[in-house]
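Structure at a glance
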Amino acid sequence: KIITAALTASAVMSTAAFAACDDGEMVIKFSHVTNTDKHPKGVAASLLMERVNEEMNGKACMEVFPNSTLYNDDQVLEALLTGDVQLAAPSLSKFEAFTKQFRIFDLPFMFKNIDAVDKFQTSEAGVAMKASMERRGLSGLQFWHNGMKQFSASKPLVSPSDADGLKFRVQPSDVLVAQMEALGASPQPMAFSEVYGALQTGVVDGQENTWSNIYGQKFFEVQDGSTETNHGVLDYLVVTSVDWLASLDDDVRDQFLTILEEVTATRNAAVGQVDAEARQAVIDAGGVIRELTPEQRQEWVDAMKPVWSQFEADVGADNIAAAQEINA
Ligand code: LMR
């Protein structure tokens, strides 16, 4: 590879990473938005890269671009379709333009914990959801867990009325918009990479996210504190394009999908520990975490759960019933 002097530092770095792939190796570019350390997605993506590069050496070569360095989540789905990247793992809230089925994961208090989410995703209905965007050109490969979401804001949130009138960053999802409106708050959809700055400058007052994101993005530094509501789920779909997957030789595709499946099993099984470590890391770094009594938490349930009825037609009453049965 010839690197000209005109390249910027970051271009040199990515060119250098690209040059590390040998001639004749198929390059798999994986773009995502989180940090790599103490983060469920970051760690899983790194493990996938290591295994592909070791076990498929000579055939395939993976490069991971974390921290929104290449694309944000809106852009990356388009980039998959144009073939600029081959792999992404956006949160399930980011697929609004492609399918309404994932709305079930955004509905507040739908799943009691990540184990319940896992059971739903591995049920027949959950497995079928991975293929729900094929006619739109996207092929869902595996669900990756992150964790349950918590609220944070520029003032203490104990009762739902504390959120009234505040501006909250949400992921671009109609369900999350409706959820915040149910609290009397003003939802502001925004890319992940912009949230810290928006909290810092007061463009928004609060946000909702998992411990690993609150820690990884240092949201706790620019918030009064976080309230442990566990009110929703943040999970991912590892996704590629139908065309790219079909273009692979059978043996290459099989080997790649097997490695991905094994990495998924390993990292999804470890997600509780990663989540707990990130929660502790927030505390160790001086972040405030407020716990709710069962009665206080019930007030949040009562305020937010009415949102379900608005989206029942999109997600299916049968899927809601199946999720509730798993919780029981
Ligand atoms: C967010 O936008 O808040 C998250 O989906 C980011 C991520 O990938 O965890």
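Counting starts from 1 at the beginning of each chain's written sequence and moves along it residue by residue. Residues qualify for local features only when their pLDDT is at least 70, as the model is predicted, and side-chain atom pairs are given and counted only at 80 or more; totals for whole chains, interfaces and linings, by contrast, use all residues.

Here is the rule we go by: UniProt positions are given in the numbering used here, feature names are shortened, and annotations may be inferred rather than shown by experiment.
Looking at an unreviewed UniProt entry, one finds the protein chain named DctP family TRAP transporter solute-binding subunit and attributed to Harenicola maris. As stated in UniProt under Sequence similarities (unreviewed entry), the record for the protein chain gives "Belongs to the bacterial solute-binding protein 7 family." Looking at the protein chain in UniProt, the text filed under Subcellular location (unreviewed entry) is "Periplasm".

Examining the overall build of the protein chain
Inclusion rule: Helix and strand definitions here come from DSSP, where helices need a minimum of 4 consecutive H or I residues and strands a minimum of 2 consecutive E residues; each element is numbered from the N-terminal end. Radius of gyration: over C-alpha atoms. The globule rule applied is 2.2 Å multiplied by the number of residues raised to the 0.38 power. Partly exposed residues are those falling between the two cut-offs: more than 12 but fewer than 20 other C-beta atoms within 10 Å of their own, whereas 20 or more means buried and 12 or fewer means exposed, with C-beta atoms placed from the backbone. Throughout, a pair of residues is in contact if the C-beta atoms placed from their backbones lie within 7 Å.
Of the regular secondary structure elements, the protein chain holds 15 helices and nine strands. Compactness check: the protein chain gives a C-alpha radius of gyration of 20 Å against a globular reference of 20 Å for 328 residues, within 12% of the reference. Along the first, second and third principal axes, the C-alpha set of the protein chain runs to 60 × 45 × 30 Å. Taken across its 328 residues, the protein chain has 43% of its residues classed as buried. Taking the intrachain contacts of the protein chain between residues at least 6 apart in sequence as the baseline, contacts between residues at least 24 apart amount to 77%.

With respect to helix α5 (residues 114-121)
Just so we agree on the cut-off: This arc corresponds to the set of directions leading from the helix axis out to the C-beta atoms.
Ile114, Val117, Phe120 and Gln121 are the residues of α5 that are buried. The buried residues of α5 occupy an angular sector of 115 degrees when projected down its axis, which confines them to one face.

Observations concerning the environment of Ile104
With respect to the helices and strands, Ile104 occurs in helix α4 (residues 103-106). Looking at Ile104, the number of C-beta atoms within 10 Å reads 26, which means it is buried. Discounting chain neighbours no more than four positions away, the residues touching Ile104 are Met110, Val315, Asn319, Ile320 and Ala323.

Observations concerning the packing of helix α14 (residues 308-315) against helix α15 (residues 317-327)
How we decide: Note on method: axes are straight lines fitted to C-alpha atoms, helices fitted across the in-contact stretch only, with angles between N-to-C directions ranging 0 to 180 degrees. Any angle between 65 and 115 degrees counts as roughly perpendicular, while under 35 counts as roughly parallel, over 145 as roughly antiparallel, and the rest as oblique. Amino acid classes used here: Ala, Val, Leu, Ile, Met, Phe, Trp, Tyr, Cys and Pro are nonpolar; Asp, Glu, Lys and Arg are charged; the rest, including Gly, are polar.
Running from amino to carboxyl end, α14 crosses α15 at an angle of 110 degrees, the nearest separation of the two axes being 7 Å. With respect to each other, α14 and α15 are oriented roughly perpendicular. Between α14, through Trp308, Glu312 and Val315, and α15, the contact on the second element is made entirely by Ala317, Asn319 and Ile320. Among the residues forming the contact of α14 with α15, the class breakdown is four nonpolar, one polar and one charged.

A word on unusual backbone geometry
Non-glycine residue Phe109 carries a positive phi angle of around 65 degrees. Within the secondary structure, Phe109 sits in the loop between α4 and α5. Phi at Lys218 is positive, roughly 60 degrees, even though this residue is not glycine. Its place among the elements puts Lys218 in the loop between α9 (211-216) and β8 (225-241).

Some remarks on the packing of helix α2 (residues 40-55) against helix α11 (residues 250-269)
The condition that has to hold: Helix crossings are classified by the rotation of the near helix relative to the far one: an anticlockwise turn of less than a right angle makes the crossing left-handed, while a clockwise turn makes it right-handed.
Here α2 crosses α11 at 145 degrees, and the two axes come no closer than 10 Å. Of the two elements, α2 crosses α11, and the hand of that crossing is right-handed. Residues Pro40, Val43, Ala44, Leu47, Leu48, Arg51, Val52 and Glu55 of α2 pack against Phe256, Ile259, Leu260, Val263 and Arg267 of α11.

Some points on the site of the ligand
Stated formally: Any residue qualifies as near a molecule or strand once its backbone-derived C-beta atom lies within 6 Å of it.
Around the ligand, the surrounding shell consists of Val33, Thr34, Lys41, Ser91, Asn146, Gln171, Phe192, Asn209, Asn213 and Leu234. Among the residues making up the shell around the ligand, the classes are represented as three nonpolar, six polar and one charged.

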